[in-house]
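Examining the three-dimensional arrangement
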Amino acid sequence: MIPAAFEYVRPPSLAAALRVLREREGGAKLLAGGYSLLPLLKLRLAQPGILVDLRDVDGLDGIVETESELRIGGRATHRRIHEDPAAARYSIVHEAAGGIGDPQVRNWGTIGGSCAHADPSSDWPAVLLATKATIVCRSETGERMIAARDFFLDTFQTAIEPTEILTEIRFPRPGPRTGGSYQKLERRAGDFATVGVAVRVQLGADGRVADAGIGLTAVADTPFAATDAEAALIGTDGGDAAIGEDREMSTQHITVTVNGEAREAEVEPRLLLVHLLRDVFGLTGTHIGCDTSNCGACTVLVDGESAKSCTMLAVQADGRAVSTIEGLANGATLHPLQQAFWDQHGLQCGFCTPGMLMQASWLLAGNADPSEQEIREGIAGNLCRCTGYVNIVKSIQQAAAVMRAADETPAEPAAAR
Ligand code: FES
Ligand code: FES
């Protein structure tokens, strides 16, 4: 992917950079580390007339602690922040910096670039919101301080004016008895957060929460501070009762017929069917590949219809019959589909195979003689990352032929047995 054409300049000073922004107002983009901007340029979601590289601008990457705050220059890299001894005293800042992206991203990506980019899934905004940081922006007419809580306006939109440069982020010194953490859920190391939360809590002399900051990322169009939750924490002991952990979710008693056997369980309504099968019933043949309804590794049959069990609640299966891969073979005799996958090399690592087999069994139950095209359409919701689909299709064709032949074979008269 090649970005659209643009001019490139490397001003020698902040004043020179600000001059370019004024002269090309609205048509310029700043390049600090590039790890947020380059993907946008390549996708042509950003097409600036001129790219202003801040590399030669001195004084933008300092990290200084004053009596009241930690000041981090906008061009300081995540890695530099993570390794800085002063920043290490700001636990949320230190923790977030060390968990951003991967080593390459941390080597080049910058705190200012990340915040100015305002990706709703990036890590820093949650930290700035929780710590009530201040963002310093410079233009030719002076300096402007913007509270983090007024800074992130919308997806990829901030309060920075086109003629301003984000020069510094200031984190207030944590008061006594203050602690915090930044935690995120990511699908793989280095991914953007699926959800991220930064929490800072300060206890008063009475041991109760005197101040709290909660910043959330990747849960809305823009990062935001959970102000209601902050207010709810103030004055509490911050324990389970305060955060609602003791509020037990109601459970429901369900009965599910799994592979012909009635099974019962007491489940929370939020429990997914795949977790009921794997974690409660111990049927781990049903796999979880993506958890986002894409891969089909979790496919089972529910009342004879194929379903992605990661996308169905356990309570939805109450009173129904569920078939899993564990019920496909007839004792020690493989199902024709299993035998065909073996014969035709329809699997390699086997991760997708249980879901693929269950989907194929559903397909053949409704169409005993599917064409190649119908097979491909029938398994379109099942992804195989290693075998490729040619042998899988051949396997299903073989199984279909075997099953048709078995259906056409007249049963032997009882007397002849
Ligand atoms: Fe259910 Fe991928 S785990 S579709
Ligand atoms: Fe490996 Fe399909 S056999 S993912």
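Criteria and thresholds
Residues numbered from 1 in each chain as written. Chains lettered and ligands numbered in written order. Predicted model: local features only at pLDDT ≥ 70, side-chain atom pairs only at ≥ 80, totals over all residues. Heavy atoms only, no water. Core = buried A, V, L, I, M, F, W, Y, C linked by side-chain atoms within 4.5 Å. Buried < 20%, exposed > 50% of the residue type's maximum accessible area, 1.4 Å probe, protein only. Helix = DSSP H or I, 4+ residues; strand = E, 2+ residues; numbered from the N terminus. Contact = heavy atoms within 4.5 Å. Phe/Tyr/Trp six-rings, centres within 6.5 Å; stacked < 30°, edge-to-face > 60°. Lys NZ or Arg CZ within 6 Å of the ring centre and 35° of its normal. Salt bridge = Lys/Arg side-chain N within 4 Å of Asp/Glu carboxyl O. Pairing = 2+ DSSP bridges. Axes fitted to C-alpha atoms, helices over the stretch in contact; angles between N-to-C directions.

Next up on the list: the nonpolar core. Of all hydrophobic cores here, the largest spans 40 residues; its most connected members are I81, W124, L128, F151 and F171. A total of six residues in this core trace back to one element, the largest contributor, which is helix 7 (residues 124–131). The contacts of I81, once residues within four sequence positions are left out, are I63, I72, A76, A87, V93, A97, I111 and W124.

So, on to the packing of aromatic side chains. Taken as a whole, this structure holds one aromatic pair when the rule is applied. We note R263 situated over the ring of F281; from NZ or CZ to the ring centre the distance is 4.5 Å.

What follows covers the pattern of salt bridges. Across all of its chains, the model carries 20 salt bridges by this definition. Here E65 ties to R173 by a salt bridge, and the two come within 3.5 Å at their closest N and O atoms. Residue E65 is located in strand 4 (residues 63–65), and its partner R173 is located in the loop between strand 10 (165–172) and strand 11 (178–185); the two are separated by 108 residues in the primary sequence. E65 sits in the partly exposed class, given a relative accessible area of 23%. For D211, the salt bridge goes to K132, with nearest N and O atoms at 3.6 Å. Of this pair, D211 sits in strand 13 (residues 209–217) while K132 is found in the loop between helix 7 and strand 6 (134–139), placing the two residues 79 residues apart along the sequence. A relative accessible area of 36% places K132 in the partly exposed class. What emerges from the salt-bridge pattern is a single network uniting E69, R71, E168 and R170.

Okay, the sheet that holds strand 17 (residues 299–302) next. Taking strand neighbours across the sheet as the criterion, the five strands line up as 16-15-19-17-18 in an open arrangement whose pairing is mixed. With partners counted over all chains shown, the strands left at the sheet margins are strand 16 (261–267) and strand 18 (305–308), one partner each. Between one strand axis and the next, the sheet turns by 40° as a mean value, whatever way the strands run. When strand 15 (residues 252–258) meets strand 19 (residues 321–323), the two strands line up parallel, connected through two bridges.

So, on to the pairing of strand 17. Neither face of strand 17 is open: one carries T299 and L301, the other V300 and V302, and all of them are buried. Here strand 17 runs beside strand 18; their pairing, made up of four bridges, is antiparallel. Its bridge partner lying in strand 18, V300 is registered against A307. Across two bridges, the pairing between strand 17 and strand 19 is antiparallel. Opposite V302, over in strand 19, you have V322 as the bridge partner.

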